[in-house]
Amino acid sequence: MSHKRVVEGNELIISDDSGRTLFSLREEDTGGAMRLILSGEITLDAAHEFEDELVSASTVCKNLELDFSDVSFICSTGLKALLATQQFLDKEPHSSFVLQNLRGDVARTFRETGFIDLFDIREQ
Amino acid sequence: MPNNALLPYEGNEPYIFASYCHEDNDRVLPVLSFLQRNDYRVWFDGGIQAGEDWPEVIANHLSSCGVFLAFLSAASLRSHNCRREFNFAIMENKKCVIIQLDDVKLTPVMRMQMATLQAIQHFDAGNVEYLCKQLLDLEILRECGAEDKTVYVPRHRAMQRYFLLRRTTGERIPITHNHFKVGRKSELCDYAVTDNRTMSKEHAIFFLNESGCAIGDCGSLNHIYINDTELPHDEKRNLANDDLIEMGSEQFLFIVDETTSA
């Protein structure tokens, strides 16, 4: 399935062929950490882009915060990307990887898969 | 599909791992060929045999490479495999050289990754020849070249340059880059014949690739004739020295100029 990838300012936007935004990821450097503000659905189309940006972020900043306030769905590929990033950062000294504001179906997915015990999950 | 003249390096000496999207073959393979002709050891994914596990082969060659050479383009940014290779190289603290083929917008994270890397903005350079010369001047690549090459010495093997000789005026027009367009409209073409209405606004396009220079028709009204033979609209044809190209009533002689670097 094809999708479009556009970067506007600090935001990566993944949209379908009709231009509808599927997923977006805004990157903010807070000085001490890189904050990734996510929005939309992390379906298979978006998951690879999500994984790529997540891994890229972990190579330039060892303290990552992911805000899931506006994420309504995450697929297994997205979960795997989170796990891989966690495992990579675990090996880095003085690193942190925080997932914030899990909501609705996303929170339920984390609970049902047991992923809720694998990450540092917080409410902001 | 990789060019038949190119073979990925296999061996124990330091080599360049070339990362690129196959959509960019026509822009990348001539550069890889140039590097190999100048005795640089280059590995690229044309070396993967049927049945081999793709990620493991890539990871193994990436881990062992001396330099990671990435061709960054709009297509490579969309490619999950290209992004994985790039991220893996960063994680492995590989020496990296980035050739930016397109003027693409990068996310802040990628800009941060690129900030510490050696980058060449090819979309500013104008032609492959100029890019290749820049690569030969890069100290970082030297370990992946011939052992006795401490300072770049031009090879006796020629660098081919392509020209069109416009017969009505005697003007010699260099074909400076891939997708070089010739037509009547100067806003749409790299070389415009504004005073000949038998030519279409966009008449012909020239492709630079590993096998040389090829010509294609942009959908012209009066077609293109090569040595009196019509070129079908959907065909690309390789050109040879002294080929006569007719576009409407305009005639060009295709010239291959083999010169050595100074």
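A quick note: this is a predicted structure, and the numbers were derived from the prediction, not measured.

What counts, and at which threshold
- Residues numbered from 1 in each chain as written.
- Chains lettered and ligands numbered in written order.
- Predicted model: local features only at pLDDT ≥ 70, side-chain atom pairs only at ≥ 80, totals over all residues.
- Heavy atoms only, no water.
- Helix = DSSP H or I, 4+ residues; strand = E, 2+ residues; numbered from the N terminus.
- Buried < 20%, exposed > 50% of the residue type's maximum accessible area, 1.4 Å probe, protein only.
- Contact = heavy atoms within 4.5 Å.
- Areas by Shrake-Rupley, 256 points an atom, 1.4 Å probe, with all protein chains shown as cover.
- Pairing = 2+ DSSP bridges.
- Axes fitted to C-alpha atoms, helices over the stretch in contact; angles between N-to-C directions.
- Core = buried A, V, L, I, M, F, W, Y, C linked by side-chain atoms within 4.5 Å.
- Arc of directions from axis to C-beta.
- Buried area = accessible area lost by both parts, 1.4 Å probe.
- Salt bridge = Lys/Arg side-chain N within 4 Å of Asp/Glu carboxyl O.
- Nonpolar A, V, L, I, M, F, W, Y, C, P; charged D, E, K, R; others polar.
- Phe/Tyr/Trp six-rings, centres within 6.5 Å; stacked < 30°, edge-to-face > 60°.
- Lys NZ or Arg CZ within 6 Å of the ring centre and 35° of its normal.
- Disulfide = S-S within 2.5 Å.

## A short note on the overall build of chain A
Moving on, step 1. Across its full length, chain A carries three helices and seven strands.
Moving on, step 2. Going residue by residue from the N terminus, the α and β elements of chain A occur as β-β-β-β-α-β-α-β-α-β.
Moving on, step 3. Burial statistics for chain A: of 124 residues in total, 50% are counted as buried.
Moving on, step 4. Restricting the contact set of chain A to residue pairs at least 6 apart, pairs at least 24 apart contribute 55%.
Moving on, step 5. Carbon together with sulfur atoms contributes 47% to the accessible area of chain A, which is approximately 5900 Å² in total.

## Section: the overall build of chain B
Moving on, step 1. Tallying secondary structure elements over chain B gives seven helices and 16 strands in all.
Moving on, step 2. Restricting the contact set of chain B to residue pairs at least 6 apart, pairs at least 24 apart contribute 59%.
Moving on, step 3. Put simply, chain B shows about 12600 Å² of open surface, and 47% of that area lies on carbon and sulfur atoms.

## Thoughts on the sheet that holds strand β3 (residues 67–72) of chain B
Residues and elements named next belong to chain B.
Moving on, step 1. If you trace the five strands from one edge of the open sheet to the other, you get β2-β1-β3-β4-β5, paired in parallel fashion. For this open sheet the edge positions go to β2 (42–43) and β5 (118–121), each flanked by a neighbour on one side alone.
Moving on, step 2. Bridge analysis of β3 against strand β4 (residues 95–100) gives six bridges, and the strand direction is parallel. Each residue of the ladder has a partner; that of Leu69, found in β4, is Val97.
Moving on, step 3. Contacting β1 (16–19), β3 and β4, helix α4 (residues 80–91) runs over the sheet at an angle of about 145° to β3.
Moving on, step 4. Lying over the sheet, helix α7 (residues 128–136) contacts β3, β4 and β5, oriented at roughly 160° with respect to β5.

## A look at the nonpolar core
Nonpolar side chains in soluble globular proteins tend to end up buried together.
Moving on, step 1. Core analysis: the biggest nonpolar cluster contains 36 residues, and Leu38, Phe50, Leu66, Phe68, Leu82 and Phe110 of chain A have the highest contact counts within it.
Moving on, step 2. Among the elements of the structure, β2 (11–15), β3 (21–29), β4 (34–42), α1 (44–60), β5 (63–74), α2 (76–90), β6 (96–100) and α3 (104–113) of chain A are those that each provide at least two residues to this core.
Moving on, step 3. Listed in part, the 29 residues of the second largest apolar core include Leu35, Tyr40, Val67 and Ile120 of chain B.

## Describing α3 of chain A
Structurally, the α-helix is built with 3.6 residues per turn, so residues lying three or four positions apart point the same way.
Residue and element names in this part refer to chain A.
Moving on, step 1. The set of residues buried in α3 consists of Val106, Ala107 and Phe110. Looking down the long axis of α3, one finds its buried residues gathered within 100° of arc, a one-sided arrangement.
Moving on, step 2. Once α3 finishes, Gly114 follows within two positions and takes phi at roughly 85°, a positive value.

## A short note on the interface of chain A and chain B
Moving on, step 1. Between chain A and chain B, the residue contacts involve 20 residues of the former and 17 residues of the latter.
Moving on, step 2. When the two sides are added together, the surface that chain A and chain B hide from each other amounts to roughly 1600 Å², 62% of it contributed by carbon and sulfur.
Moving on, step 3. Of all residues in chain A, Arg5, Val7 and Asp52 of chain A give up the largest surface area on contact with chain B, accounting jointly for 30% of the area buried on that side.
Moving on, step 4. Linking chain A with chain B are one salt bridge.
Moving on, step 5. Glu53 of chain A serves as the salt-bridge partner of Arg83 of chain B, at 2.8 Å between the closest nitrogen and oxygen.
Moving on, step 6. Broken down by element, the residue count for the side of chain A that touches chain B peaks at eleven residues, all from α1 of chain A.
Moving on, step 7. Counted by class, the side of chain A that touches chain B contains seven nonpolar, six polar and seven charged residues.

## Digging into the packing of aromatic side chains
What describes a pair of aromatic rings is the distance from one ring centre to the other and the angle between the planes of the rings.
Moving on, step 1. This structure, assessed with the given rule, holds eleven aromatic pairs over all chains.
Moving on, step 2. An angle of 35° between the planes, with centres 5.9 Å apart, marks the rings of Phe115 of chain A and Phe119 of chain A as tilted.
Moving on, step 3. Relative to Tyr15 of chain B, the ring of Tyr9 of chain B has its centre 5.9 Å away and its plane inclined at 40°; by these criteria the two rings are tilted. Per residue, the accessibility class of Tyr9 of chain B equals that of Tyr15 of chain B, and both read buried.
Moving on, step 4. Cation over ring: Lys236 of chain B sits above Phe207 of chain B, and NZ or CZ is 4.1 Å from the ring centre.

## Re unusual backbone geometry
All names here are of chain B.
Moving on, step 1. Residues other than glycine seldom take positive phi values, yet Asp39 does so here, at roughly 70°.
Moving on, step 2. Counting through the fold element by element, Asp39 comes out in the loop between α1 (25–37) and β2.
Moving on, step 3. The class of Asp39 is partly exposed, set by a relative accessible area of 32%.
Moving on, step 4. Not every positive phi belongs to a glycine, and His223 is a case in point at roughly 65°.
Moving on, step 5. As for its placement among the helices and strands, His223 is situated in the loop between β11 (212–217) and β12 (224–226).

## Let's talk about the state of the cysteines
Residue and element names in this part refer to chain B.
Moving on, step 1. Under the counting rule described, the total for this entry stands at zero disulfides over all chains.
Moving on, step 2. Between Cys65, a cysteine without a disulfide, and Cys144, which holds the nearest cysteine sulfur, the sulfur-to-sulfur distance is 7.5 Å.
Moving on, step 3. A disulfide-free cysteine, Cys82 has its sulfur positioned 5.1 Å from the sulfur of Cys21, the nearest such atom.

## Focus: the pattern of salt bridges
Residue and element names in this part refer to chain A.
Moving on, step 1. Going through the model one piece at a time under the given rule, you end up with 21 salt bridges over all chains.
Moving on, step 2. Put simply, Glu123 and Arg103 hold a salt bridge, and the shortest N to O gap is 3.1 Å. Taken as a pair, Glu123 in the segment after β7 (120–122) and Arg103 in the loop between β6 and α3 lie far apart in primary sequence, 20 residues in all.
Moving on, step 3. Judged by its relative accessible area of 37%, Arg103 is partly exposed.

## Details of the sheet that holds β2 of chain A
All names here are of chain A.
Moving on, step 1. Strand order across the open sheet formed by seven strands is β1-β2-β3-β4-β5-β6-β7, with mixed pairing between neighbours. The sheet is open, and its two edges are formed by β1 (4–8) and β7, each paired on a single side. Going across the sheet, the axis of each strand differs from the next one's by a mean of 20°, ignoring polarity.
Moving on, step 2. Relative to β6, β5 runs parallel, the two sharing five bridges. Bridge pairing in β6 links Leu66 to Leu99.

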